[in-house]
Amino acid sequence: MRRALVLAVALLAACQRPVPEPRHELTGAWLREPEGTNGFELREDGVLALLGPSDRAGLAWNVSHGELMLSTNTEKRPEPTTVRLQIATLEPGRLVLEARDEPLAGSYRRAQVAHVRGVATYRERIPLAPGARVELHVQRGADPVAASVFAVRAPVPIPFDVSFVPTRGARYTLSLAIFEGDRALFSTPDPMPVTPDGEPLEVLLSATH
């Protein structure tokens, strides 16, 4: 009797043990099916990067109780907005997310992405006000392929890391600016050529006034 009781308690404890969240299985890049042009990258450090043309920029991600939480913002509304998507299917090469009236819901497949990384700085000794933000764009010719908007949380140099699905043989350019409100303080004078997965860049910005 006592042995049966001990076994029952052990089984109950096992049932109540929290199920590990599938963070490792989710980490990486996912492209929406069947188009394969838009998606997102879930980075190991919790950063979310959106892939393909979008009016939103990725900020952060997390997973809890079977839900994938994605935090995004826009150039006009830099404050974070978080959506919760139910993980309906998670396989090595396939992910299905469900949420009512949410554009990020859908079916995704694993993908490989390229990165453009570096730091942005400027020569002027001008401190940035709280609320200053970076707006970054990568283009393939005239076509936008990646964008990022994020708050400046430390003095220059400001690190950045933008990801996108590369096209073999294509040429890419990077434009970057620092804003306070609607006013651009510093920016790249002209779009600068970049190489996917190339060496980290040091981008020297010019004052816009």
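Just above sits the structure.
This is a predicted model, so every value here is computed, not measured.

Spatial ordering of the open sheet is given by 3-2-1-8-7-6-5-4, a layout of eight strands whose pairing is antiparallel. Strands with a single pairing partner mark the edges of an open sheet, and in this sheet they are strand 3 (48-51) and strand 4 (57-64). Adjacent strand axes in the sheet meet at a mean angle of 30°, parallel and antiparallel pairs treated alike. Relative to strand 8 (residues 106-111), strand 1 (residues 28-32) runs antiparallel, the two sharing four bridges. Bridged to W30 within strand 8 is R110.

The sheet contact formed by strand 10 (residues 133-140) and strand 13 (residues 172-180) spans eight bridges and is antiparallel. Bridge pairing in strand 13 links R140 to Y172. By the bridge criterion, three bridges tie strand 13 to strand 15 (residues 192-194) in an arrangement that is antiparallel. Directly across from L174, in strand 15, lies its bridge partner M192. Bridge count between strand 13 and strand 14 (residues 183-187): four bridges; the pairing is antiparallel. Residue I178 lies in a different strand from strand 14, and its bridge partner there is F186. Linking strand 13 to strand 14, which pair antiparallel, is a turn of two residues; within it G181 sits at a positive phi near 65°.

Applying the stated criterion across every chain yields a total of three aromatic pairs. Seen in terms of ring centroids, F40 and Y108 are 4.8 Å apart; in terms of plane orientation they differ by 50°. Their pairing is tilted. Here Y108 lies in strand 8 and F40 lies in strand 2 (residues 39-42), a separation of 68 residues in the sequence. Y108 gets classed as buried once you look at its relative accessible area, which sits at 1%.

Thresholds applied
Going along each chain's sequence as written, the residues are numbered from 1 onward. Where local features are concerned, this predicted model is filtered to residues with pLDDT of at least 70; where side-chain atom pairs are given and counted, the filter is 80 or more; whole-chain, interface and lining totals use all residues. As a rule here, side-chain values cover all heavy atoms of the structure and leave hydrogens and water aside. A pair of strands is labelled paired if DSSP reports no fewer than 2 bridges between them. Numbering goes from the N terminus for both helices and strands, where a helix is a DSSP run of H or I of at least four residues and a strand is a run of E of at least two. Axes here refer to lines fitted to C-alpha atoms; in helices the fit is confined to the stretch in contact. Angles between the N-to-C directions go from 0 to 180 degrees. What counts as a ring pair is set by centres within 6.5 Å for rings of Phe, Tyr and Trp (its six-membered ring), and what kind of pair is set by the plane angle: stacked under 30 degrees, edge-to-face over 60, tilted for all other angles. Using a 1.4 Å probe on the protein chains alone, a residue whose accessible area is under 20% of its type maximum counts as buried, one over 50% counts as exposed, and one in between counts as partly exposed.

Take it as geometry only, folks, not as evidence of what the structure does.
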